[in-house]
Amino acid sequence: MVEQEFRVVEFYSGIGGMHFALKECGINATVVAALDINTVANQVYQHNFPLTKIFQRNIESISLKEFQALNADVFLMSPPCQPFTRSGKQGDNEDPRTKSFLYILNLLGRLEKQPSHILVENVKGFETSETRNLLLQTLSACNYVYKEFLLSPYHLGIPNQRLRYFLVAKQRPHQFVSDYLLENGHLLDNYLIENSASSNDELKERRNELAAEGSEGASEKHALKVPKAASLSQQKDKFSNYLPNRTINMYLEELPDIVTEEHKIDAKVLIRYGKVMDIVTEECERTMCFTKAYFHYIEGTGSVLQMNKTLQKSEVFQSLESTDDDLDKCEIWKNLNVRYFTSKEIANLHHLPPDFSFPKEITRKQQYRLLGNSLNSHVVLVLLRFMFS
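These figures come from a predicted structure and were not determined experimentally.

Along the polypeptide, Asn249 turns up in the loop between α7 (215-221) and α8 (257-263). For Asn249, a relative accessible area of 30% gives the class partly exposed. Each C-alpha atom of the pair Asn249 and Glu283 lies 6.4 Å from the other, and the pair is 34 residues apart in sequence. In this view, Asn249 contacts Glu282 and Glu283; residues no more than four positions away in its chain are not counted.

As structure tokens, then:
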């Protein structure tokens, strides 16, 4: 029996986080087109996937005929998040940046061959939007079953908090497997958005059955780590084995002194912002979400790393309270030895593979912006394996 080859179209492809996840997933799939209007992101994507065809054009300019010609089995989509972020204006479907996604939804029902599988990623907040409602209405009208989740890398033992909305959909007669266990031993359905699954009544019934069995019995009965599907190989990414206490040092680079100095945070900056920064050590088990403004702005853009392993932050803050002299404060902060995470370290936390790289012409600021707009490849990998199981 010949294994099916899936033709995949990656919308809003960015630097290729979903493509990397697809490669690790183990199914027979080819990305036949990647679409993004960001020229810098496309440079990075092409650098890492030189054989993939990239469409650098507005999605709304792609005709129905061109969509048909792609003959896609799978849509992977990570539409612009700005219309749905808590810090933004939350323009939702009235925001011009949502138009391309609405255009895709409009074309979906008109395609002669619709994709059998769809994955969508966005920020937390998308689940309460009108755009999400339109997405679900379109999927239902096109005979898809779907599930929606709020998942963070932190849920999978990765020391980074990056809570995101995900939807996976299959066109009937395909159905989702029941009682799918994650690497952490939790049911994937534990992360479902309440009242969201297209098979919600069935889901509630199954949850009640599991509760009746008891947690111990359920664990024995449903203990699997990857889907049992002939089309999935047991491929692993570099960091894929679940560890409940995975620490930051697993993701750090060994840096030459000159690079360390380049990433150090000036003591004067720490005097002003240090108390509101998320300062972590390499033994910590979490970091804050890294945004596109990291390295450029300080507050709320991501964690920074304390390299002095012997000094406690509480001691530093006590010392700071005992003096009003800026020179003394500078020395105190210098002793803590704080630096930014490098772009490679953030890429590691995103579970991009070791051979992922940026072209030499991409500046450090551009690298941070692109990573801040990217996603965690391992979370997508887990959901792809579930979707194709």
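Moving on, we come to the packing of aromatic side chains. According to the stated counting rule, one finds 20 aromatic pairs in the structure shown. On the basis of an interplanar angle of 85 degrees and a centroid distance of 5.4 Å, the ring pair of Tyr294 and Tyr340 is categorised as edge-to-face. Here the residue Tyr294 occupies a position in the loop between β8 (279-280) and β9 (304-306), and Tyr340 occupies one in strand β10 (residues 338-340), the gap between them amounting to 46 residues. Across the pair, Tyr340 and Tyr294 agree in class, each one buried. Summarising the aromatic geometry, the rings of Phe317 and Trp333 are spaced 6.0 Å apart at their centres and angled 70 degrees between planes, so their arrangement reads as edge-to-face. Pair noted here: Phe317 is in helix α10 (residues 313-321) and Trp333 is in helix α11 (residues 326-336), with a separation of 16 residues, a long-range link. Relative accessible area serves as the criterion here: at 29%, Phe317 is assigned to the partly exposed category. An aromatic cluster is present here, built from Phe290, Tyr294, Phe295, Tyr340, Phe341 and Tyr368 joined pairwise through their rings.

Another point: the nonpolar core. Membership of the largest hydrophobic core comes to 75 residues, with the highest contact counts inside it found for Leu119, Phe149, Leu383 and Leu384. The greatest single-element share of this core, amounting to nine residues, is contributed by helix α14 (residues 377-388). Residues in contact with Leu383, not counting those within four places in the same chain, are Leu119, Phe149, Leu151, Phe166, Val168 and Leu188. Formed by 36 residues, the second largest nonpolar core is a distinct cluster that contains Ala72, Ile104, Leu108 and Leu139.

So, on to the sheet that holds strand β3 (residues 54-55). Strands sit in the order β3-β2-β1-β4-β5-β7-β6 across an open sheet of seven strands; the sheet is mixed. The open sheet has two free edges, formed respectively by β3 and β6 (144-151), since each of these has just one partner strand. In this sheet, β3 lies alongside strand β2 (residues 29-35) in parallel orientation, the contact comprising two bridges. Looking across to β3, one finds that Leu35 is bridged to Phe55.

The next thing to look at is the packing of helix α1 (residues 17-25) against α14. What describes two packed helices is the angle between their axes and the distance between those same axes. As a packed pair, α1 and α14 sit with axes 8 Å apart at the nearest point and diverge in direction by 50 degrees. One way to sum up the angle between α1 and α14 is to call them oblique. Crossing geometry of α1 relative to α14 is assigned as right-handed. Between α1, through Gly17, Met18, Phe20, Ala21, Leu22, Glu24 and Cys25, and α14, the contact on the second element is made entirely by Ser377, Val380, Leu381, Leu384, Arg385 and Phe388.

One turn of the α-helix equals 3.6 residues, which is why residues spaced by three or four share an orientation. Those residues of α11 that fall on the buried side of the exposure criterion are Cys330, Ile332, Trp333 and Leu336. Looking straight down α11, one finds that the buried residues subtend no more than 165 degrees of arc, so they occupy a single side. Along α11, exposed side chains directed more than 90 degrees from the buried face belong to Leu327 and Lys334. Tucked into the core, α11 has its buried residues touching α9 (267-273), β8, β9, α10 and β10.

With their axes 10 Å apart at the nearest point, helix α4 (residues 99-108) and helix α5 (residues 130-141) run at an angle of 15 degrees to one another. Relative to α5, the element α4 is oriented roughly parallel. Along this stretch, α4 crosses α5, giving a crossing that reads as left-handed. Between α4 and α5, the contacting residues are Phe101, Leu102, Leu105 and Leu108 on the first element and Thr131, Leu134, Leu135, Thr138 and Leu139 on the second. A class-by-class count of the residues in the contact of α4 with α5 yields seven nonpolar, two polar and no charged.

Attention now moves to the environment of Phe84. Of note, Phe84 is situated in the loop between β4 (74-77) and α4. For Phe84, a relative accessible area of 4% gives the class buried. With 14 residues separating them in the primary sequence, Phe84 and Thr98 have C-alpha atoms 9.6 Å apart.

Rules behind the numbers
- Residues numbered from 1 in each chain as written.
- Predicted model: local features only at pLDDT ≥ 70, side-chain atom pairs only at ≥ 80, totals over all residues.
- Heavy atoms only, no water.
- Helix = DSSP H or I, 4+ residues; strand = E, 2+ residues; numbered from the N terminus.
- Buried < 20%, exposed > 50% of the residue type's maximum accessible area, 1.4 Å probe, protein only.
- Contact = heavy atoms within 4.5 Å.
- Phe/Tyr/Trp six-rings, centres within 6.5 Å; stacked < 30°, edge-to-face > 60°.
- Core = buried A, V, L, I, M, F, W, Y, C linked by side-chain atoms within 4.5 Å.
- Pairing = 2+ DSSP bridges.
- Axes fitted to C-alpha atoms, helices over the stretch in contact; angles between N-to-C directions.
- Parallel < 35°, antiparallel > 145°, perpendicular 65-115°, else oblique.
- Left-handed = near helix turned anticlockwise from the far one by under 90°.
- Arc of directions from axis to C-beta.
- Nonpolar A, V, L, I, M, F, W, Y, C, P; charged D, E, K, R; others polar.

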